[in-house]
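# Inside the fold
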Amino acid sequence: MSTWIDIAALEAVPQRGARLIKTRHGCVAVFRTAVDEVFALDNACPHKNGPLADGIVHGKAVTCPLHNWVISLETGQAQGADEGQVATYPAKVSEGRILLDADFLQQRAVA
Amino acid sequence: MTQKLVVIGAGMASGRVLEHLFDAEADFEVTLFNAEERGNYNRIMLSPVLSGEKTYEDIVTHDADWYATNAVTCHFGTHVTAIDRAAKTVTSSKGTTSYDKLLIATGSAPFIIPVQGKDLHGVITYRDLDDTNAMIEASKSGGKAVVIGGGLLGLEAAAGLAERGMDVTVLHLMGHLMERQLDEAAGFLLRRDLEKRGITVKCRASTTAILGTDKVEAVLLEGDEKLEADLVVMAVGIRPETRLATDAGLEVARGIEVGAQLQTSDPDIFAVGECVEFDGQLFGLVAPLYDQAKVLANSLMDEPAVFTPKELSTKLKVTGCDLFSAGDFAEGEGREDIVFRDPARGVYRRLVIEDDCIIGAVMYGDTADGNWFFGLIRDKTDISDMRDTVIFGPAYQGGAPSDPLSAVAALPRDAEICGCNGICKGQIEDAIAAGATDIAALRSQTKASASCGTCTGLVEQVLAVTLGDDFVLPTAQPVCGCTDMTHEDLRRMIKAQELKSLPAVWQACNWKTPCGCHTCRPALNFYLLADWPLDYEDDPQSRFVNERKHANIQKDGTFSVVPRMWGGITTPDELRAIADAADKYAVPTVKVTGGQRIDLLGVKNEDLPAIWDDLNQAGMVSGHAYSKGLRTVKTCVGTDHCRFGTQDSTGLGIQLEKALWGSWTPHKLKLGVSGCPRNCAEATCKDIGIVCVDSGYQISIGGAAGMDVRETSLLCQVATEAEVMDVVKAVTQSYRENAKYLDRIYKWMDKVGLEWIQAQIGDLDTRAALVARFDLSQTIYRKDPWAQHVAKPAPYEPLATLTLEAAE
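Residues numbered from 1 in each chain as written. Chains lettered and ligands numbered in written order. Predicted model: local features only at pLDDT ≥ 70, side-chain atom pairs only at ≥ 80, totals over all residues. Heavy atoms only, no water.

## Quick word on helix H12 (residues 425-433) of chain B
Along an α-helix, a turn takes 3.6 residues, which lines up residues three or four apart on a common side. Put simply, the rule reads: For each residue, the accessible area found with a 1.4 Å probe, counting protein chains only, is set against the maximum for its type, and the residue is called buried under 20%, exposed over 50%, and partly exposed in between. Helix and strand labels come from DSSP, where a helix needs a run of H or I of at least four residues and a strand needs a run of E of at least two; each type is numbered from the N terminus.
Listed as buried for H12(B) are Lys425(B), Gly426(B), Ile428(B), Glu429(B), Ala431(B) and Ile432(B). In the stretch just after H12(B), Gly435(B) is the one whose phi turns positive, near 115°.

The structure is reproduced here in structure tokens:
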């Protein structure tokens, strides 16, 4: 069973933008797409740990600001010729609030 | 012996005659008169200019260089008023000019229906560039347009005006549109497509008067119906312009009568184009005019040639309305029809057959096979063997597959590819064999696809078939994978179609992705704010992080902060404030930059608003060290301290920086002002450099000291600081309006040419307009982004901080 925790109002993250969540074990980036889907990924590009939350969001992907790797928000997989993957976490929008799955975040803390 | 050739009229027909003469190196000294203020341009392409898909520059056929290279004496904007056949001279406002041979190419004049109100302001015809520009100008204020005439020109005008946002009604006297080229069924499909674009069509509508006091207000129809109108376009037909010829006593019927060598009744006077009549026929389409031009050039060079009119085909140049017609499609004794309809797709084809030959074809919706049918008509091919399937086109004949390349491969060498210029497949193959292996080279050598352009695809297919695997489709580089358009096309679309938002661009330019990508969005964001500073709202999410967060991202995700130091001048107080900020936020590195200011490296994301606030308090603003915009103006100390200084270079640098800061440009923009030619500020490797001399200021542009190292080129020299300010603003604005995103000034200069930029800046009206547009934009953008972000710091804070306990 998942334990959804309320993070913030959807409006707190701009469309085609991202904000950070600080955890004890590093930052998670929460993305909001142009059509109000939300995704949560580790804020570190598999290439050189670039801050993905500072990238340009397009469709369901984000481009890392350091060297333009394009990362799928759905799978965390690097697109195109690049290889690598970022951890993703279950996230959803309910009644205008962003919810993340606490169990998953906790597993991350353990790992 | 060199003969004097005088040409009256610089249109497409006479232009082609001159091309043939110069290609053959014929011994003529040419004087060219044109009533229009310009030389030869591709008149067929006025409709794309009207609709905004092309500009006048795109359709110029002969530019000033071409006339100069061929030593043509040009008198543009000059009417020839009389021809003296006995003295062999022509008279104009430039005096009299004598000729050995005279060529009349006066074209045609639009037919004006003789109703009350035809001379009111706001009633225009559709014939030349001035008419087109008048329509573009009129459409800017929106409102209602009435187009009188539902023929080829009228409909192209209507579609163009509708595209530019006018409410358009087309009035047509006959029962269906384009009745000379289309039958009723195709006319209906065309009408339906136009109505889908919001154009109202009224057939059997006869205009009785145009109403208005000082400008047009309405059009009155028979039956007393009144249509409001802010603009009336008359496109009811043309008549040959024959006044000069009539006055000179040449034989004139409806047009100037010529024989098969295009000679008039005077053996030293020739005529070509829409003004001539041959064998009782007039000519309005470009293909027979080009045939005439070829014959005429040969006649002038005393080489035998004979003009014979050919079958003609017609296409409408309205994007999205594909129609094609050729030959004779009237019903008649002994004629049979084959008709194919697919109403759901809006496809209609009709062939008219007489004695087992196709004599006419009308196609609507899917016209890809038009040229094939046209070939069958022209060659009078016996179709009895393929009668069952002929309507389906070449793909279904003899079981051949519907691969367009195999259809082209199967064409004989004498199959016509380019109808406008009468170029056959064999001529194209020969040119390819001789080394013309791309479209541009083929166009310049054979003229194939160089006029209306609709056969470009076919010419490319001939290239592909002939070259095989060596053929690379010659496409200009698109912006990114989201679109097939180039940066240049995109900029034109944004201006011409007045696209003022990202979604508008994506929609109008057929974007393949829902919201672009990291390559196209920053470019589009820049183009939109540069072209529409008042209407477009900057989109931070389409900016690279540096411009979104107004600081430079470093490899560890921290940022660097650079406050502005105007012209490199600072004060002890500013230095103390910078030192305090460095201490307070534990800045690990403090460095002096190449642009004469101080960089604080390693500031944490969430500390940015606070450090900016501290620097703001000390009177400092963002240095935009991160932007595709004005960076710094580097200066030397000038006359204040230096014993060699000739002008106040520091003061001028500060003025420039205060005027230009905050402006966004296609790439970073660095300036330098040196007080004397010793050039201590290294001004001659900046994007814009000013070197002070005793007599004033040398302004040069296009320097670089990065991946490429370039010295600037001199733009101009001026005497006063005020002129420096204007020239720098104007060149910056021209760069903003015209360059491709991420091109530094030197790359832009390589593309448009220093001379073009000099002409822009040199023309004082153009310069003033550029300055005005720059100043207008700066009313929005000359603001400190740091202060604006300090006021609303939220995005820099984490959204939440979670303190989850690790599981046991």
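Read on for the rest.
## Notes on the sheet that holds strand E10 (residues 97-101) of chain A
All names here are of chain A. Worth spelling out the cut-off: Two strands pair under a simple rule: DSSP has to find at least two bridges between them. To define axes, lines are fitted to C-alpha atoms, for helices over the stretch in contact only, and angles between the resulting N-to-C directions are given on a 0 to 180 degree scale.
Across the sheet, which stays open at both edges, the three strands sit in the order E1-E10-E9 with antiparallel pairing between neighbours. Each edge of the open sheet is held by one strand with a lone partner, namely strand E1 (4-9) and strand E9 (91-94). Going from strand to strand, the sheet's axes swing by 35° on average, the running direction of each strand aside. Across four bridges, E9 lies against E10 in antiparallel orientation. Looking at the pairing, valine 93 lines up with isoleucine 98 of E10.

## Side note on the state of the cysteines
Residues and elements named next belong to chain A. This is how the line gets drawn: The disulfide definition used here is simple: a pair of cysteine sulfur atoms within 2.5 Å.
In total, this model carries zero disulfides over all chains according to the counting rule given. Cysteine cysteine 27 is unpaired, with the sulfur of cysteine 64 as its nearest cysteine sulfur at 15 Å. What makes cysteine 27 partly exposed here is its relative accessible area of 26%. Summary of cysteine pairing: cysteine 64 is not part of a disulfide, and the nearest cysteine sulfur, belonging to cysteine 45, is at 4.0 Å.

## Quick look at the confidence of the model for chain A
Heads up, the condition is: The quantity called pLDDT is the predictor's confidence in a given residue, expressed from 0 to 100.
The share of residues in chain A with pLDDT of 70 or more is 95%, and the mean pLDDT across the chain is 89. Mean pLDDT across the elements of chain A bottoms out in helix H1 (residues 102-110) of chain A (70) and peaks in strand E5 (residues 56-58) of chain A (96).

## Comments concerning the interface of chain B and chain A
This is how it is decided: Residues are treated as being in contact if the distance between any of their heavy atoms lies within 4.5 Å. When two parts are put together, the accessible area they lose, computed with a 1.4 Å probe and summed over both, is reported as buried area. Every case where a carboxyl oxygen of Asp or Glu lies within 4 Å of a side-chain nitrogen of Lys or Arg is listed as a salt bridge. What qualifies as a polar contact is a pair of N or O atoms within 3.5 Å, subject to a donor-acceptor requirement within protein and to the restriction that residues adjacent in sequence count only when both atoms come from side chains.
The interface of chain B with chain A comprises 34 residues on the first partner and 34 residues on the second. For the pair chain B and chain A, the summed buried area comes to about 2700 Å², and 61% of that belongs to carbon and sulfur atoms. A salt bridge links Glu606(B) to Lys22(A), with the nearest nitrogen and oxygen atoms 3.0 Å apart. Scanning the region where chain B abuts chain A turns up eleven residue pairs in polar contact (both at pLDDT 80 or more).

## Side note on the UniProt feature "domain: FAD/NAD(P)-binding" (unreviewed entry) in chain B
What counts, and what does not: UniProt positions are given in the numbering used here, feature names are shortened, and annotations may be inferred rather than shown by experiment.
Under the present numbering, the feature "domain: FAD/NAD(P)-binding" (unreviewed entry) in UniProt falls on residues 4-276 of chain B. Summarising residues 4-276 of chain B: 25% helix, 29% strand, and an end-to-end C-alpha distance of 22 Å.

## Description of the environment of Val35(A)
Residue and element names in this part refer to chain A. For valine 35, the location among the structural elements is in the loop between strand E3 (26-32) and strand E4 (38-42). Take valine 35: its relative accessible area is 63%, and that puts it in the exposed class. When the C-alpha positions of valine 35 and aspartate 82 are compared, they lie 27 Å apart, and in sequence the two are 47 residues distant.

## A look at the domain arrangement of chain B
Put simply, the rule is: What fixes the domain bounds is an automatic or database domain assignment.
Split into domains, chain B comes out as domain 1 (3-108 + 240-300), domain 2 (112-236), domain 3 (495-543), domain 4 (546-626) and domain 5 (630-781). Computed over C-alpha atoms only, the centres of domain 3 of chain B and domain 4 of chain B are separated by 31 Å.

## Details of the pattern of salt bridges
All names here are of chain B. Applying the stated criterion to the full structure yields 49 salt bridges over all chains. A salt bridge links lysine 140 to glutamate 137; the shortest N-O distance between them is 3.3 Å. A salt bridge links arginine 191 to glutamate 195; its shortest N-O distance comes to 3.1 Å. Note that arginine 191 and glutamate 195 are positioned in helix H7 (residues 184-196) at a spacing of four residues, about one turn of the helix. Classification of arginine 191 by relative accessible area gives partly exposed; the value is 26%. Connected through shared salt-bridge partners, Glu36, Arg38, Arg43 and Asp130 make up one network.

## Regarding the sheet that holds strand E32 (residues 598-603) of chain B
In sheet architecture, strand pairing relies on hydrogen bonds along the backbone and comes in two forms, parallel and antiparallel. Residues and elements named next belong to chain B. In spatial order, the strands read E29-E30-E32-E31; together these four strands make up an open sheet with antiparallel pairing. Whereas interior strands pair on both sides, the edge strands pair on one side only; in this sheet they are strand E29 (552-553) and strand E31 (589-592). In the sheet, strand E30 (residues 559-561) pairs with E32 via three bridges, with the strands oriented antiparallel. Across the sheet, residue serine 560 finds its bridge partner in E32, namely leucine 601.

## Concerning helix H13 (residues 439-446) of chain B
Residue and element names in this part refer to chain B. Spelled out, the test is: Directions pointing from the helix axis toward each C-beta atom define the arc.
When H13 is considered as a whole, its buried residues turn out to be Ile439, Leu442 and Thr446. Viewed end-on, H13 has its buried residues packed into an arc of 65°, placing them on one side of the element. Looking at H13, the residues exposed on the side facing more than 90 degrees away from the buried face are Ala440, Ser444 and Gln445. Check the buried side of H13 and you find it contacts strand E28 (423-424), H12 and helix H14 (456-467).

## Let's talk about the nonpolar core
Residue and element names in this part refer to chain B. How we decide: Working definition of a nonpolar core: buried Ala, Val, Leu, Ile, Met, Phe, Trp, Tyr and Cys residues. They are joined through side-chain atoms within 4.5 Å.
Counting 48 residues, the largest nonpolar core has Leu5, Val17, Leu18, Ile83, Val90, Leu102 and Ile104 as its most contacted members. Per-element tally for this core: the top contributor is helix H9 (residues 286-300), with six residues. When near neighbours in sequence (up to four residues on either side) are disregarded, valine 90 contacts Val6, Ile8, Phe33, Val80, Ala82, Ile83, Gly95, Thr96, Thr97, Tyr99 and Leu102. Counting residues in each nonpolar core, the second largest holds 43 residues, with Met45, Val49, Ala186 and Val362 among its members.

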